[in-house]
Amino acid sequence: MPIVRVALDVPISTLFDYTVDETVVTGMRVVVPFGRRQMVGVVMECVESSDLSIERIKPVMQVLHDSAPLSAKLLELLQFCSDYYHYPIGPTVLSALPTRLRSDKPISVKPVLNYRLIDGAPNIDSLPKRKVIARRIVEKLHEQICSLAQLRALSATAGVQLKWLEEAGWVEQCDASLLPLASEGGEKISAHTFANAHPLTKEQQQAVDAVTQSAGYGCFLLHGITGSGKTEVYVHLMDHMLQHCPEHGRRGGGQVLLLVPEINLTPQLEGYFHSRFPDAVLVSLHSGLSENQRLHNWQLAQTGCAQIVLGTRLSVFAELPRLALIIVDEEHDSSFKQQDGLRYSARDVAIFRANQSGVPIVLGSATPSLESYHNATSGRYRMLKLTGRAQVDARLPTVGCINTSQSILTEGISEKLLREVGLRIARGEQSLLFINRRGYAPVLMCTECGWLSDCKNCAGKMVLHLRDRRLRCHHCGFQLRVPTACPDCGHAELKPVGNGTQRVESVLQARFPDARILRVDSDSTRNKRAWQKMREQIHANEVDILVGTQMLAKGHDFPALTLVGVLDPDSALYSSDFRAAEKLFAQLMQVSGRAGRADKPGEVLIQTAFPDHPLFRCLQSHDFDGWAALLLAERQMAGFPPFVFQAMLRAEGMNEGEVYAYLNLARQAALKLKHPVEIFSVVPASLARRANHFRAQLLIQATSRKALQQFLRAWHLDEMPARKLRCSLDVDPLEF
Ligand code: ADP
Ligand code: ZN
Ligand code: ZN
């Protein structure tokens, strides 16, 4: 009897054998008994015999036919991830699937998210004039069947209007299969127009040519300063690939996967690419979608209908049968790295995938990660540079430092910076004050006895939030009312120490009572719509001063912004995390890129006690290459990535002794193996206790990926007893 080997979502590195009495192929989903439960799994292998005796093998309960089997290529990709990240195969495979495919609840045969005009719908002129959005929807549906996502791109209220149109007998929902289908023949799939194209600059054209002329796999680093027109390069590449499928060397459309950081996947971005490719089928894949939407979009990618897939890290596991190009925008962004479960880097998996599929991949950034930069300068990747701003009149901002040790500060803000902000207000221009800490102040202190607002559950401090008069721990969420007197000595004077966004906001409000100040951080944008509304306000020039965290640094274009002030960057200069300075430079370069994008020159002022630090000097001359060379030399000397390869074993638990005992046991086992890897001591994590759990870690380092992988395979961590502990292995860790 045929036997299938099934991947199940259980934390054991093995496949499970079941008998099956119908014909199945690999990649099919099956329902199987497991212990007293039943689970959905994926058939990884079909075999004739098993190591288990046949009586002990249970039969498959049901073979699910409601979606196409996963392709051999995707299974291979997932196997690679499981091996490389040393994470069990079952959870790896299952976590790549949309939630709906992980359950045995039948998925509806008719996805309900596409719309078409009803035959014989009345003429558009009979729609009331004031129904602007409804009219636009009808116009669009006249041209083609559209997905809900496409219609949403027209307006945020498209959903409501559709409901109205449905009830009024204009439109109806229809099946995904009615969307323009991928043709297996040879002709072009859909005549997409390529709207609003700019004539490319010479550098842009060279970048486009380099990628389109490469045969098969190639990894390109598109290093272009902010405003150099990287997006335009993407658009031209996408246009090319939608028409050519390099894999088969024939005309006929390919699929493009565009990976973006979490924070960038806003409706605008989707809307932007819709507007550039109005006739292409574009779907997005990210965690903000409903389960049904995600399944639907995933299936559109799987059937080849979707020509452009725009997504966050999880979309790197989308099925893409006609994949022609992968683009990773803001490739340095840490949100490409998953921080739990399968701790993959979507950028790195994307590179493996491009190689597997024999297609080019473009990594784009103004501030590439040192890893990618090193690979590009050493010849593993090809470097493509955009050195000028795309719009002729756009100039780079001037960058200057304000020496805080020689300035008068008002609650941490220098007089000079305040004056410059005042000048901008007078000129009707916008200023942005960047500080990477939310709340009012990072800690509250007793001026008498030195009491500090420690969190009772964590090794960190409770942050003062003055708005709602609370102390709040940003690690575990624990909160308290702000005490009126010192809990230790009863002294009545408690002093906020340091600055957060709220405090900067209130200093500015006191100084400029009439200014319109907008604070942008994860507190003020908790509501989904809020951030969207804020961006509109900024664009409508209804804001004079922006105060915000890194949320403001990324990929937004604020034309009226001419001044950026940076507060408190210094802690990153001497941090124990060797990547802190790299991150700070990238952030400051990104945030500087916000100033003076249109016709007005921008200015960046950085408050620091170390104005001569090379980081600021390189920033002043917009010299990423110089900075990267410096950092790389430092990293090489110190023996840090990208010159070595790392894996981090972490453990946490309520009992400190158990945590250290486990890690030391693992360390002893590692030492016994005598592999050519460096095994560090067990040390506390940078946050040594979080939510009452003690946390510690063990770092392993090797001079080659291969040596590291061989060691990790030999280590057999899964055989180490770790009861009651949360343990994880992180290959290529980003956080320390
Ligand atoms: P980046 O993503 O590199 O920061 P963008 O792609 O956002 O830069 O481009 C910056 C601005 O320059 C945009 O307004 C874009 O429309 C414009 N732009 C891009 N390429 C060109 C070009 N070749 N000619 C004129 N303007 C361009
Ligand atoms: Zn006290
Ligand atoms: Zn806490």
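Since the model is a prediction, treat every value here as computed from it, not as a measurement. (Residues numbered from 1 in each chain as written. Chains lettered and ligands numbered in written order. Predicted model: local features only at pLDDT ≥ 70, side-chain atom pairs only at ≥ 80, totals over all residues. Heavy atoms only, no water.)

> It is not clear to me how the sheet that holds strand 12 (residues 255-259) should be interpreted in this structure. Could you clarify?
Whether parallel or antiparallel, the strands of a sheet pair through hydrogen bonds between backbone atoms. In space, the 7 strands of this open sheet follow the order 13-14-12-15-16-9-17, with parallel pairing throughout. Looking at which strands have only one partner, the edges of the open sheet turn out to be strand 13 (282-285) and strand 17 (382-386). Taken pair by pair, the neighbouring strands of this sheet meet at an average axis angle of 20°, ignoring direction. Summarising the sheet, strand 15 (residues 323-329) and strand 16 (residues 360-365) pair through 4 bridges and their orientation is parallel. Directly across from Ile326, in strand 16, lies its bridge partner Ile361. (Pairing = 2+ DSSP bridges. Helix = DSSP H or I, 4+ residues; strand = E, 2+ residues; numbered from the N terminus. Axes fitted to C-alpha atoms, helices over the stretch in contact; angles between N-to-C directions.)

> Help me understand the coordination of the zinc ion (ligand 2) in this model?
Metal coordination angles in their ideal form are 109.5 degrees for the four-donor tetrahedron and 90 or 180 degrees for the six-donor octahedron. Protein coordination at the zinc ion (ligand 2) comes from Cys446 (SG), Cys449 (SG), Cys486 (SG) and Cys489 (SG), with a distance range of 2.3 to 2.4 Å. Relative to the metal, the 4 donor atoms surrounding the zinc ion (ligand 2) lie at angles of 107 to 112°, and the coordination shape comes out tetrahedral. Within one chain, the residues serving as donors to the zinc ion (ligand 2) are arranged as C-x2-C-x36-C-x2-C. Of this pair, Cys449 sits in the loop between strand 22 (443-446) and strand 23 (463-465) while Cys489 sits in the loop between strand 25 (479-481) and strand 26 (494-497), and the two are 40 residues apart along the sequence. Classification of Cys449 as partly exposed rests on a relative accessible area of 40%. (Donors = N, O, S within 2.8 Å, 3.2 Å for Na, K, Ca; no water. Tetrahedral: all angles 85-135°; square planar, octahedral: opposite > 155°, others 65-115°. Buried < 20%, exposed > 50% of the residue type's maximum accessible area, 1.4 Å probe, protein only.)

> Before we go on, may I ask you to explain the sheet that holds strand 23 in this structure?
The antiparallel open sheet is built from 3 strands, whose spatial order is 23-24-25. Across the chains shown, the open sheet's two edge strands, defined by having one partner strand only, are strand 23 and strand 25. Neighbour-to-neighbour, the strand axes of this sheet turn through a mean angle of 25°, independent of strand direction. By the bridge criterion, 3 bridges tie strand 24 (residues 470-472) to strand 25 in an arrangement that is antiparallel. The residue of strand 25 that forms the bridge with Arg470 is Arg481.

> What am I meant to see in the coordination of the zinc ion (ligand 3) here?
The zinc ion (ligand 3) binds to the protein through Cys455 (SG), Cys458 (SG), Cys473 (SG) and Cys476 (SG); the donor distances cover 2.2 to 2.3 Å. In this structure, the zinc ion (ligand 3) is coordinated by 4 donor atoms arranged in tetrahedral fashion, with angles at the metal of 106 to 113°. One chain supplies every donor to the zinc ion (ligand 3), and in sequence these donors are spaced C-x2-C-x14-C-x2-C. On the criterion of sequence distance, the pair formed by Cys458 in the loop between strand 22 and strand 23 and Cys476 in the loop between strand 24 and strand 25 is long-range, its members being 18 residues apart.

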